[in-house]
Amino acid sequence: MFADTIFETQALFTGIGNDAAPGSLAVKGDRIVYAGPNEGVRPFRGPHTTVRDFGSSMIVAGFHDSHLHVFHSALYSSPLALNYLGTSEADYVEHLAPLAAARPHGSWILAQGWREYRWDPPIMPSKRSLDAAFPDRPVALYSGDAHTLWVNSAALAALGVTTESKPPQGGSYDRDSDGNLTGIIREAAAMELMPRIVSSFSDEEMRSAYRGFMETLLENGITSVCDLSLMAHPGLDFVRDDIYAALEARGELAVRVHVFPTLTFDMSRLEAMQRRFSGPYLKAPGFKQFFDGVSSQHTAYLAEPYANARFEGDRGRPTIEPETMRELVLAAAQAGHAVRIHTIGDEAIHLALDIFEEAQREYGLPAHGQNCLEHLENLQPADIARLSALNVLAAVQPPHITLDPGGPERDLGPERTRWMWPFATFLDEGVKMAFGTDSPVVDVNSMDVLYAAVTRQDPHTHMPRGGWLPEERIPLADAIRAYTLGSAHAAGRAHELGTLEAGKLADFCVLDRNLLALPDDEIQSTQVIATYVGGTLKYER
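> So what's going on with the pattern of salt bridges? Which residues, and what values?
Counted by the stated rule, this structure contains 30 salt bridges. One salt bridge in this structure joins Asp4 and Lys28, with 3.6 Å as the shortest N-O distance. In this pair, Asp4 sits in the segment before strand S1 (5-13) while Lys28 sits in strand S2 (residues 21-28), placing the two residues 24 residues apart along the sequence. A salt bridge links Arg386 to Glu357; the shortest N-O distance between them is 3.0 Å. With Arg386 in helix H12 (residues 382-389) and Glu357 in helix H11 (residues 346-363), this residue pair connects regions lying 29 residues apart in the sequence. Residue Arg386 is classed as buried on the basis of its relative accessible area of 17%. A cluster of three or more residues bridged by salt bridges with shared partners is formed by Glu204, Arg207, Arg211, Arg250 and Glu252.

> Before we move on, can you summarise the sheet that holds strand S7 (residues 82-83) with the specific residues and values?
Where strands meet in a sheet, backbone hydrogen bonds hold them as pairs that are either parallel or antiparallel. Taken in spatial order, the six strands line up as S7-S8-S9-S10-S12-S11 in an open sheet, and their pairing is mixed. Edge strands, defined here as strands with exactly one partner in the open sheet, are S7 and strand S11 (171-175). As defined by bridge partners, strand S9 (residues 139-143) adjoins strand S10 (residues 148-151) across three bridges and the pair is classed as antiparallel. Within S10, the residue paired with Tyr142 across the bridge is Leu149. Contacts from helix H6 (residues 187-198) reach strand S8 (109-114), S9, S10, S11 and strand S12 (181-186) within the one sheet, and its direction differs from that of S12 by about 95°.

> Would you mind going over unusual backbone geometry in detail, with residue names and values included?
A cis amide bond links Ser439 with the next residue in sequence, Pro440, at an omega value of 15°. Within the fold, Pro440 resides in the loop between strand S20 (433-435) and helix H15 (446-455). Put simply, Met463 and Pro464 share a cis peptide bond, and its omega is -5°. The backbone of Asn391 shows a phi angle near 55°, a positive value even though the residue is not glycine. Topologically, Asn391 is positioned in the loop between H12 and strand S19 (393-396). The backbone phi angle of Asp438 is positive, close to 65°, even though this residue is not glycine. Positionally, Asp438 belongs in the loop between S20 and H15.

> Break down the pairing of S8 for me, with residues and values.
Of all six residues in S8, six are buried, a share of seventy percent or more. Taken together, the two bridges between S7 and S8 define a ladder with parallel strand orientation. Directly across from Leu82, in S8, lies its bridge partner Ala111. Sheet analysis places S8 next to S9, joined by five bridges and oriented parallel. Considered in S9, the bridge of Gln112 is made with Tyr142. Between the parallel elements S8 and S9, the chain passes through helix H4 (residues 127-133) in a crossover that is right-handed.

> Outline the packing of H11 against H12, supporting the account with residue identities and numerical values.
Two elements in contact, H11 and H12, have axes separated by 11 Å at closest approach and are oriented at 35°. As H11 packs across H12, the resulting crossing turns out to be left-handed. Of H12, the residues touching H11 (which contributes Asp346, His350, Leu353, Asp354 and Glu357) are Asp383, Arg386 and Leu387. Looking at the contact of H11 with H12, its residues break down into two nonpolar, one polar and five charged.

> A description of the environment of Ala300 should follow, citing residues and the corresponding values.
Among the structural elements, Ala300 can be located in the loop between strand S16 (286-290) and helix H10 (322-334). For the pair Ala300 and Glu271, spaced 29 residues apart in sequence, the C-alpha to C-alpha distance is 31 Å. The contacts of Ala300, once residues within four sequence positions are left out, are Asp292, Gly293, Val294, Ser295, Tyr306, Arg315, Gly316, Arg317, Ile344 and Gly345.

Conventions used here
Residues numbered from 1 in each chain as written. Predicted model: local features only at pLDDT ≥ 70, side-chain atom pairs only at ≥ 80, totals over all residues. Heavy atoms only, no water. Salt bridge = Lys/Arg side-chain N within 4 Å of Asp/Glu carboxyl O. Helix = DSSP H or I, 4+ residues; strand = E, 2+ residues; numbered from the N terminus. Buried < 20%, exposed > 50% of the residue type's maximum accessible area, 1.4 Å probe, protein only. Pairing = 2+ DSSP bridges. Contact = heavy atoms within 4.5 Å. Axes fitted to C-alpha atoms, helices over the stretch in contact; angles between N-to-C directions. Right-handed = clockwise from strand over helix to strand, strands pointing away. Left-handed = near helix turned anticlockwise from the far one by under 90°. Nonpolar A, V, L, I, M, F, W, Y, C, P; charged D, E, K, R; others polar.

Structural data, given as structure tokens:
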């Protein structure tokens, strides 16, 4: 069998071992037929085989973002909205002016990315500042952790939210001391309102935003993603199968997409997707559900109260009753479906593992896909071994480690902080990891993901010196595997993605230097010079 193309390099990282060595990759159609030392590729070189020599550049399997939210990532990286952290409440409001001027008169002003704990002063904003700047125009600003909305009075009126409104279970409307709405809407309440806020965008606007976002993925060497439900409620989860179907029909899906809609007792939506999305680019491997919130807002569910408890017994709460979660997961397991559960607090993680353990005992492992826990920011130490024993994958996002400097110590205290994002311990205990970004929470910058994993330093400030909990740093080869093979496991496709081996799909990227030969401080300066999906060049710098 002669290859269509042979790619040569002095630094081939197949993902099987820990080194990059001189080698060749032979591709026929959309599959790899050979990956290994140069001398072994000779039988695949035919009279019409094209040979491309990448010299000292590194060839590695395409990166795979195991956890992101494509609708919001595409929206907030497009001209339709703004992605901004800000330095203060006043600074944030001021930065909305250009977007407001560019959008049609009277339309919603949308932005994402604010984090009040990163501001000076670090205080929660309110509708007052937005009302002063935009008295007659609805404004909705999504927090950087994607769990809180900051809106103005015009937005509250447009959404029909009043002082008499009752939030859905697992959500809240913040009020001041007089009982008036402050404009801060949390968790399930924010999730419930977001679809109405973004419904003003046309299908073509959103398809264009998706195409632009896929270009960004390819520029970062990302060839596959897992698009996870962002909402706990069915029909509101932003897994836009309609957009994907339209892009696929037009041949415009540039990366492989794996969708995970919200887990409900009615499984027909996922099962319909699985029948419809059966090609190599678009699949529906399983479900997603939420079990808690985030630590910085005290909505992550803990076994013991927060170190800086705001009231007696302040330990967060589950966003869905544990018994309901148990029934949902068991029903999915009986049907053979994999489930991925948002769990940040240690008690949410512990209870989710109890549920997965019962599901495995009753029904075995999923027939397809992979059971995962998402985020796992702090754990009860004994639960680390349980992750491995139960074959539950840890889907984690390295750049999250330093999003809130000093926050873990403030919220959890030193004893629990020790068990936050324990990547090295995961490796030691045999826990499978899958790396991602949770975009738009952080950007889909592949080199930032790897840098954060191996240094445990912030990709932007490069702090703290030596890394936060440096004993949990991991080698770069393991970080690459978590970002390729680990994420392929999360998508249920490790048999055809994640490493460069004969028989697997020819998804790979070419880096301008050998990452494994670099000091840590040069990781982020590495550039993707080419990205191939199914053996086809999709991006070239």
